Structures are given as C-alpha cells and as structure tokens.
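Notes for the structure review
What follows is the residue order along each chain.
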Amino acid sequence: MLPAKLGHEKLTHMARYALEPIPDKAVDEALRVATEKLNGKLLSGVIGSIGARRDSASVELLGKFLNNSDPDVVRTTAMALGRIGTTAAGKILQDALKGAKGDNVDRICDGLLTCAANLLAEGSEGKAKKLYDSIRGNDIPSRIRAAAFRGAVLCGESDSMELLAGMLNDKDLRMFGMALRVATELKEKKATKVLVAELAKVQADRVVPLVMVLGKRGDQAALPALIEMTKKGDKSVRIEAIKAVAELGDASAVPVLVELMKEQDGEISQAANTAVAGLPGAGVDSAIVRMIEKPDPTLRVKMIEIAGQRRIGKAKPALLKDMSDKDAAVRTAAVRSYGELAGVDELPVLIDMLTK
C-alpha cells in the first residue's frame, strides 16, 4: 500500500517517511522499482530515501542518475551514494566526476566528500584517502578542495603532516583557514611539531592565528617556541603568544610572564598580568605567594592583586603582613585581596584594620 503512494505528489513524503525505518528488504526493492517510474521531485525524494536506508545494492542503479538533466536529481543521487558510503559508491562518483561539468562538479564532489567521511568513520582510512586524493587532483572549487585536503590529513596516512604544512602555506586563504581547523582536530603530537616549524615560514599575517591554534591544542611541546615569541618582535604576535602560553603553561612559565609584566608597553604588561592570573595549577599559586613574601618593588601591588583574583588561601599570612605596610598602595591592595579570601573567622582582622 505505501509503495503505491510514492508516485503521489501530495502523499509521497509521508509514504517515504513511513517506509524508511522499516527493516525489510522488500522496502528497498519497492524504492528501486519506483525510480524507474518517476522523475523530478518525486524521483529525488525516492533516491533520498534509498540513501537514508544506505542500500548498497542500489549503487549501480543510482549511478545512471548522475547524468540526469534535472540538477536536483543529480544532487540527491550524489548525496545518496555518499551516504551509502561503500567503495563501490565512491568508484561510481569518481567516474562521474571525470565527465562532470558546471555545477554538477560541486554536486558530485559533495557526494564524494560524504562517502569518504563515512569510510573514514568506519575505520577504512586507506579507502577514504583515495577518495579525498581523487578530489584534490581535479580542478575543483576552492571550498571542495579545502575540505578534501582536510579529510586527507585526518586519514592519518604517511603524508598527512606534509599535506598540513602545504595547507598552511597555500596562497588560498580558504585552504589556510581549513588548515587551522584541522590542526585543532588532530591529536597527534607530530602535528605540534609541524605547526611550530611553520611559524617561521608562513606569511606574517598568518602567524597570529597559527599561534592561537597552538594555544588551543593544549600541547606543551609548543611552550618553548611560544615563550620565545613573547619576548620580541611584532606586538600583536607577542600578545597572542602570551595568551597561548597562559593556555599551555604551568609554574615554569611564571618567571617569563612576570618579567613581561614589567614592560613599559601597557598592552604587553596587561596581557602578561592577565596570563599570570589565569595560569592553572597549585604550583603557580606557590610561585605567586613566594613573590609576595619576597617582593619585587615594581610588581608588588600587582602580585598582591593577583593573589586575590586567584583566591590563593595560603597567601593570607603574607597579605596580613602587607596590610600594615608603610606604602598606602600596598596596604590598600593587601586589604582588598585579603577581603577576597577572608571567611567569617577573618572578619575581626578586617574590622580592626578599618578602625585603624
């Protein structure tokens, strides 16, 4: 009864909606038969259902619709083959791409990208890589080329890091943007090594976003290179490197950042101040407490303020001492930070300071 409604203009959608989840091969056969009788939107809908059911037995049948005069049928067919995601489906799409023209190139490539992604998700990296490579080797739109390179890198084959390096230096900004995206997706440590190496090779306007990605990756292997970049060069690069160090760093980064807090340039100094305040770890807290106990006059107030911002409980004894300092700025900062940390038991101390 439902298959009979596939050719009904108003009821076809509901018929397909009901048929798609039914685990019966008779449904697949009914959908295949329907493709021989329909055209236009009705045909596209049935082909879409075949793709949704991932009917691998329909691959050869679908192939002939990649040359259909209706662009919507071509698009739906390419995506259906992509969703089926078998090697055979990929081969049919590859063959169709060789003779594709105009917008059909985009439609068929989208199907190939989907097919390759499904193969990759199933663990068939080698098969997926072949499909991605077949797209990279054609004169295709920038959007698709960039997506194919991303997929090829994610396959993790022997040339993946070489491909990533090439993307970072590609003259096409879309390709560079895709390289940054895939760099955040990769978990391999070797990707960090590639990114650090390319810092000295990419165009000047690409350094800041590359540094940003190194921070987001969370791999401390990049820390030495980033710390070095905080010290000299273009100010925008230095500030981004400081931010990245804050994302990656630990107590070992504190001395470098503290020195940067002394910079006369207010933006550099403030970036370093924010970085120290945000560095994670108990080791950082201990380093800050040591600097409050043995203060650097140029940073004393800032370190006291940071202790309050970080809620460093073990800084309270040092802050209590500084609340009686002869320098009004030190006293004021110490009182504020102590107040940030104080509980009910410390209220008498604060009240006593207020009365004085």
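Before any of the text, the structure's been laid out above.
Criteria and cut-off values
- Residues numbered from 1 in each chain as written.
- Predicted model: local features only at pLDDT ≥ 70, side-chain atom pairs only at ≥ 80, totals over all residues.
- Heavy atoms only, no water.
- Disulfide = S-S within 2.5 Å.
- Buried < 20%, exposed > 50% of the residue type's maximum accessible area, 1.4 Å probe, protein only.
- Core = buried A, V, L, I, M, F, W, Y, C linked by side-chain atoms within 4.5 Å.
- Helix = DSSP H or I, 4+ residues; strand = E, 2+ residues; numbered from the N terminus.
- Contact = heavy atoms within 4.5 Å.
- Phe/Tyr/Trp six-rings, centres within 6.5 Å; stacked < 30°, edge-to-face > 60°.
- Lys NZ or Arg CZ within 6 Å of the ring centre and 35° of its normal.
- Axes fitted to C-alpha atoms, helices over the stretch in contact; angles between N-to-C directions.
- Parallel < 35°, antiparallel > 145°, perpendicular 65-115°, else oblique.
- Left-handed = near helix turned anticlockwise from the far one by under 90°.
- Nonpolar A, V, L, I, M, F, W, Y, C, P; charged D, E, K, R; others polar.

**Points about the state of the cysteines**
- Under the defined criterion, the tally for this structure stands at zero disulfides.
- Free cysteine: C109, not disulfide-bonded; nearest cysteine sulfur from C115 at 13 Å.
- Here C115 stays unpaired: no disulfide links it, and the sulfur of C155, its closest cysteine neighbor, is 12 Å away.
- Look at C115 and you get buried, because its relative accessible area is 0%.

**Observations regarding the nonpolar core**
- Formed by 116 residues in total, the largest nonpolar core has its most connected members in L164, L168, L226, L257 and I288.
- Counting residues per element, this core draws most heavily on helix 7 (residues 103-121), which supplies nine residues.
- Each residue touching L168, except ones within four places of it in the same chain, is listed here: F176, A179, L180, L195, E198, V202, R206 and L210.

**Things to note about the environment of K101**
- Relative to the assigned elements, K101 resides in the loop between helix 6 (87-99) and helix 7.
- Classification of K101 as exposed rests on a relative accessible area of 70%.
- Once the C-alpha coordinates of K101 and R311 are considered, the two residues, 210 residues apart in sequence, prove to be 64 Å apart.

**Comments concerning the packing of aromatic side chains**
- Across all of its chains, the model carries zero aromatic pairs by this definition.
- The ring of F149 carries the charged tip of R136 above its face, separated from the ring centre by 4.7 Å.
- A cation over a ring is seen here: R206 above F176, with NZ or CZ 4.5 Å from the ring centre.

**Concerning the side chain of T77**
- Locating T77 in the fold gives a position in helix 5 (residues 71-84).
- Contacts of T77, omitting those with residues within four sequence positions, involve I47, L62, F65 and L66.

**A short note on the packing of helix 11 (residues 173-185) against helix 13 (residues 207-217)**
- Running from amino to carboxyl end, helix 11 crosses helix 13 at an angle of 15 degrees, the nearest separation of the two axes being 9 Å. Considered as vectors, helix 11 and helix 13 are oriented roughly parallel to each other. Note that helix 11 runs across helix 13; the crossing there is right-handed. Residues F176, L180, A183 and T184 of helix 11 form the contact with helix 13, whose participating residues are P209, L210, V213 and R217.
- Partitioning the contact of helix 11 with helix 13 into residue classes produces six nonpolar, one polar and one charged.

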